[in-house]
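Results of the structural survey
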Amino acid sequence: MTAKAAVVGWPIQHSLSPVLHGHWLKEYGIDGSYEKIAIEPGTFAQRINDLREAGYRGVNVTVPYKEEAFALADYNDDAARATGATNLLIFRERGVEGRNTDAFGLAASLRENIGTLEDGKVVLLGAGGAARGAVLAMSMLGAGIVYVLNRSSERAERLIQSLMDSKAIFGAGVISARLDGFSHFAAEAALLVNTTSAGMKGNPPLDIDLLALNPQAAVCDIVYNPLMTPLLKDAEARGHRTIDGLGMLMHQAVPSFEAFFGVRPAVTPGLRAALEKVLRERA
Ligand code: ATR
């Protein structure tokens, strides 16, 4: 029987998940399908239940339903509990399992590119939903200190407090500060990570001066549309190693594919090329 899975959200048209999973289904010769399904606001729980009854193995969940998915799951993993957001629902016999694979995805992408952080200092920009998983990823990679910089430092402080309350952060010290103090923290950073939506297609770029950044620091943007954000372009021109958002996107899908289709897929240059092609066609 064909194994069925999907990504759900509203809107869902631009999701790259079907490209990712479709590539792997073909590569591994698996009898499976992976669709994108739009769910109208107000109908999430009912639609998820319908998909479960229709025999789906599970779904990936994207904007705006990650919090609803967290509430709907019968049990959630540590990363989902730490972030309050679930992006993977697995339909098991004993109930609906919720997971968050974003922190894992970012950690795996960075590990592949720069290895572990070995007590290094990280400057992390942003304090929204994406920042929560990113702080968790820094802790997984062994960061010594994570400075969370945001236009409003109160929001950064609230984010840190709730992460600390969840007890998901181990090892790393996490400190909040205002984004306009960037140059104060940048000189000692081993890594700069952007989790804000600045630099995304249609948004203005970040207003920071990389002149102050440690010349050895790597620069990572979790935005992948465009692939080369103004931040990454600037960083590359200054000789920094750069890590784009496609790495995280590809790696966060690995545990989902394994849960749906029983094979742990590899993140390969072929997969990256397939995604880059779609992004180019859409640009
Ligand atoms: P997401 O869930 O994608 O993280 P979000 O919760 O809306 O989205 O958070 C967006 C983040 O980007 C916030 O940290 C926001 O900063 P503020 O809290 O100060 O609003 C940040 N952000 C958006 N545009 C920005 C810009 N032009 N410069 C700096 N930070 C920006």
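Everything numeric here is computed off the predicted structure, so don't read it as measured data. Every chain is numbered on its own, with residues counted from 1 as its sequence reads. Note on the predicted model: pLDDT of at least 70 is required for a residue's local features to be given, and 80 or more for side-chain atom pairs to be given and counted; whole-chain, interface and lining totals, by contrast, use all residues. Here the side-chain values reflect all heavy atoms present in the structure, with hydrogen atoms and water set aside.

**Considering helix α10 (residues 245-252)**
Here is the rule: Note on classification: 1.4 Å probe, protein chains only; a residue is buried when its accessible area is under 20% of the maximum for its type, exposed when over 50%, partly exposed between these limits. By definition, any uninterrupted DSSP run of H or I lasting at least four residues is a helix, any uninterrupted run of E lasting at least two residues is a strand, and each is numbered from the N terminus. Contacts were defined at the residue level, with two residues in contact if any of their heavy atoms lie within 4.5 Å.
Most of α10 sits inside the fold, with eight of its eight residues counted as buried. Looking at the buried side of α10, the elements it contacts are α1 (17-27), α5 (102-114), β11 (218-221), β12 (242-243), α11 (254-261) and α12 (269-282).

**Describing the pairing of strand β7 (residues 121-125)**
Our working rule: Whether a crossover is right-handed comes down to one check: with the strands pointing away from the viewer, does the path from the first strand over the helix to the second run clockwise; if it does, it is right-handed. Two strands pair under a simple rule: DSSP has to find at least two bridges between them.
Burial analysis of β7 places four of its five residues in the buried class, which makes it a mostly covered element. One crossover worth recording links β7 to the parallel strand β8 (residues 145-150) by way of helix α6 (residues 129-140), and it is right-handed. Examined bridge by bridge, β7 and strand β10 (residues 191-194) share four bridges and lie parallel to one another. When the bridges of β10 are listed, Val-123 appears paired with Leu-192.

**Looking at the sheet that holds strand β6 (residues 95-99)**
Selection rule: Axes, fitted as lines to C-alpha atoms, cover a helix only where it is in contact. Angles between the N-to-C directions of the axes lie from 0 to 180 degrees.
Reading across from one edge, β2-β1-β3-β5-β6-β4 is the order of the six strands in this open sheet, with mixed pairing throughout. If you trace the sheet from one side to the other, it starts and ends with β2 (32-38) and β4 (75-76), each paired once. Where strand β1 (residues 3-9) and strand β3 (residues 58-61) come together, four bridges link them in parallel fashion. Within β3, the position partnered with Val-8 by the bridge is Val-61. The strands touched by α11 within the sheet are β1, β2, β3, β5 (88-92) and β6, with β5 carrying the most contacts at an inclination of about 15°.

**A word on the nonpolar core**
Short version of the rule: Buried Ala, Val, Leu, Ile, Met, Phe, Trp, Tyr and Cys residues that are joined via side-chain atoms within 4.5 Å together make up what is termed a nonpolar core.
One finds Leu-106, Met-138, Val-146 and Leu-191 to be the most contacted residues of the largest nonpolar core, which totals 35 residues. At the level of secondary structure, the elements contributing two or more residues to this core comprise α4 (78-83), α5, β7, α6, β8, α7 (153-165), β10 and β11. It is α6 that provides the largest number of residues to this core, a total of six residues. Non-local contacts of Met-138, meaning those with residues more than four positions away in its chain, are made with Leu-106, Leu-110, Leu-117, Val-122, Leu-124, Ala-143, Val-146, Leu-191 and Val-193. Core analysis: the second largest hydrophobic core is formed by 24 residues, Ala-3, Leu-25, Leu-246 and Phe-260 among them.

**A look at the pairing of β6**
Among the five residues of β6, four are classified as buried, and the element is accordingly described as predominantly covered. Both β5 and β6 contribute to a ladder of five bridges, which runs antiparallel. Following the sheet pairing, Leu-88 is matched in β6 by Arg-99. The antiparallel hairpin formed by β5 and β6 contains two residues in its connecting segment.

**Some remarks on the site of the ligand**
Here is the rule: We call a residue near a molecule or strand as soon as one heavy atom of that residue lies within 4 Å of the molecule or strand. Polar contact criterion, stated in full: a pair of N or O atoms within 3.5 Å, where within protein one must be able to donate a hydrogen and the other to accept it, and residues adjacent in sequence count only if both atoms are side-chain atoms. Accessible surface is estimated by sampling points in the Shrake-Rupley manner with a 1.4 Å probe; for residues, cover comes only from the protein chains shown. Residues were grouped as follows: Ala, Val, Leu, Ile, Met, Phe, Trp, Tyr, Cys and Pro as nonpolar; Asp, Glu, Lys and Arg as charged; and all remaining residues, including Gly, as polar.
As a matter of local geometry, the ligand sits amid 14 residues, with Ala-127, Ala-130, Asn-150, Arg-151 and Arg-155 nearest to it. Between an oxygen atom of the ligand and a main-chain N or O atom of Ala-130, the distance comes to 3.0 Å. Between the ligand and Arg-155 there is a distance of 2.8 Å, counted from an oxygen atom to a side-chain nitrogen or oxygen. Contact with the protein chains removes 68% of the 650 Å² of surface that the ligand exposes when unbound. Among the residues making up the shell around the ligand, the classes are represented as five nonpolar, seven polar and two charged.

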